[in-house]
Amino acid sequence: MVKLYDMKKNVLIFCISLLCNLNIAAQQNNDFIAPQLTDKESCSMILLPDPQTYIKFDYNQPLFDLMMAWIVRNIEPLNIGLVLCTGDLVEQNNLLTPDGINGNQPSKSQWEAVSSAFGKLDGKVPYILATGNHDYGIRAAENRMTFYDKYFPVNKNWLNQKLLRDAGTDCNNMPSLTNAIYEYITPQGKKFLIMVLEFAPRDETLEWAKSIVDNEKYAAHAVILLTHSYLSADNKHIEKEGYLLSGPNYGAAIWEKLVKPSKNICMVLAGHIGKPDDPREHLAFREDKNAAGKTVYQMVFNAQALGGGWHGNGGDGWLRILEFMPDGRTVKVKTFSPLFAASPTTQQYSWRTADYDEFVFVLE
């Protein structure tokens, strides 16, 4: 009986000590401020970087699931109207034998995992996902074959289907959501078209996209272009890459053939770039005037080699919150990690506040 009593006493002391330590940690971080709108009438979009490193390792996937859970929990507080993702949803599109170094799962398991993760948003908030080089071919865009439409069909999320206005075609001339147009209207009535284009889009894809933005019925819409490869970390349009695709167009060509001639493309969002454990090398931003003399804000956001490099934890949970103010023009950008925010001991790391991570721009 004495030993049992001592054991219970020790357990009680341990629990009290643990609670005290947690309380101290919480007190140490009582200045933590969870994400919130700066104006209760605002709405927001969430921008997710390339998920591939979360997905290629089964032990990293819970971190991406955590990000999805955070989005669901914040749909109402942040008035989230849309979730966008920059592509490279998987590490390899059609690899049967992972080497355990650059992924420990075959491609089928990767596609199932990323589809399941976004499935947490189904019926709750619409999401639009670009395709990246790793989503094509075998390992990385040896050809234009992709399993995207199989794992993200048009009826997967009825909220996506509700916003869908048009779809282009793939390399086999079949309708595909790798090239698609969605209409999103803010609570204040601001009309946006979200145009998602395949990795390194073909000329025929750019021609189709141009026919959409030039259509008179969309003349009053602000167009956001979502694609994968666009800017380098030195804020220059990417001119050329070494992929084996036929007829690819990278950032410079996309700008010259589609974005610059348009009158209503106001934003371009992309991912793709990175350098191990260097946040700045995952980012880019530039402003240029289009044919109508209006400023086009072009932003790259990625995080895949943070948290341990190309084979690390996937990106430390970083995402971006784009708050669209009630005036329909002002956009506030903030960079946040639900992963770091999950514990009082790491909450002080959950915001990145450098001038390239937190800024404001005004649509014209």
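Structural data are supplied above this passage.
Now for a description of the structure that goes with this document. (Residues numbered from 1 in each chain as written. Predicted model: local features only at pLDDT ≥ 70, side-chain atom pairs only at ≥ 80, totals over all residues. Heavy atoms only, no water.)

## A short note on the environment of Asn79
Among the structural elements, Asn79 can be located in the loop between helix H3 (61-73) and strand S2 (80-85). Residues Asn79 and Phe361 lie 282 residues apart in sequence; the distance between their C-alpha atoms is 20 Å. Ignoring sequence-local partners within four residues, the contact set of Asn79 consists of Leu37, Ser42, Cys43, Ser44, Asn74 and Pro187. Within polar-contact distance, the side chain of Asn79 engages the backbone oxygen of Ser42 at 3.0 Å. (Helix = DSSP H or I, 4+ residues; strand = E, 2+ residues; numbered from the N terminus. Contact = heavy atoms within 4.5 Å. Polar contact = N/O pair within 3.5 Å; in protein donor to acceptor, adjacent residues only side chain to side chain.)

## Concerning the side chain of Asn93
Checked against the element boundaries, Asn93 lands in the loop between S2 and helix H4 (107-119). Side-chain polar atoms of Asn93 contact the backbone oxygen of Gly137, separated by 2.8 Å. Residues in contact with Asn93, not counting those within four places in the same chain, are Ser107, Trp111, His134, Asp135, Tyr136, Gly137, Ile138, Met145, Thr146 and Phe147.

## Some words on the pairing of strand S4 (residues 164-169)
Where S4 meets strand S5 (residues 175-185), 5 bridges bridge the pair, whose relative direction is antiparallel. Looking at the pairing, Asp166 lines up with Ile181 of S5. Counting the residues that bridge the hairpin from S4 to S5 gives 5 residues, and of these Asn173 lies at a positive phi of roughly 65 degrees. (Pairing = 2+ DSSP bridges.)

## What about the environment of Phe192?
One can find Phe192 in strand S6 (residues 191-196). As for Phe192 and Asn313, which are separated by 121 residues in sequence, their C-alpha atoms are 34 Å apart. The contact partners of Phe192, leaving out residues within four places of it in the chain, are Tyr182, Glu183, Tyr184, Thr186, His221, Ala222, Ile224, Phe324 and Leu363.

## A few points about the pattern of salt bridges
Following the criterion strictly, the structure yields 14 salt bridges and no others. A salt bridge links Glu204 to Arg202, with the shortest nitrogen-to-oxygen separation between them at 3.6 Å. Glu204 gets classed as partly exposed once you look at its relative accessible area, which sits at 47%. Judged by relative accessible area, which is 7%, Arg202 ranks as buried. Bridged by salt links that share partners, the residues Arg144, Glu198, Arg202 and Glu204 form one connected network. (Salt bridge = Lys/Arg side-chain N within 4 Å of Asp/Glu carboxyl O. Buried < 20%, exposed > 50% of the residue type's maximum accessible area, 1.4 Å probe, protein only.)

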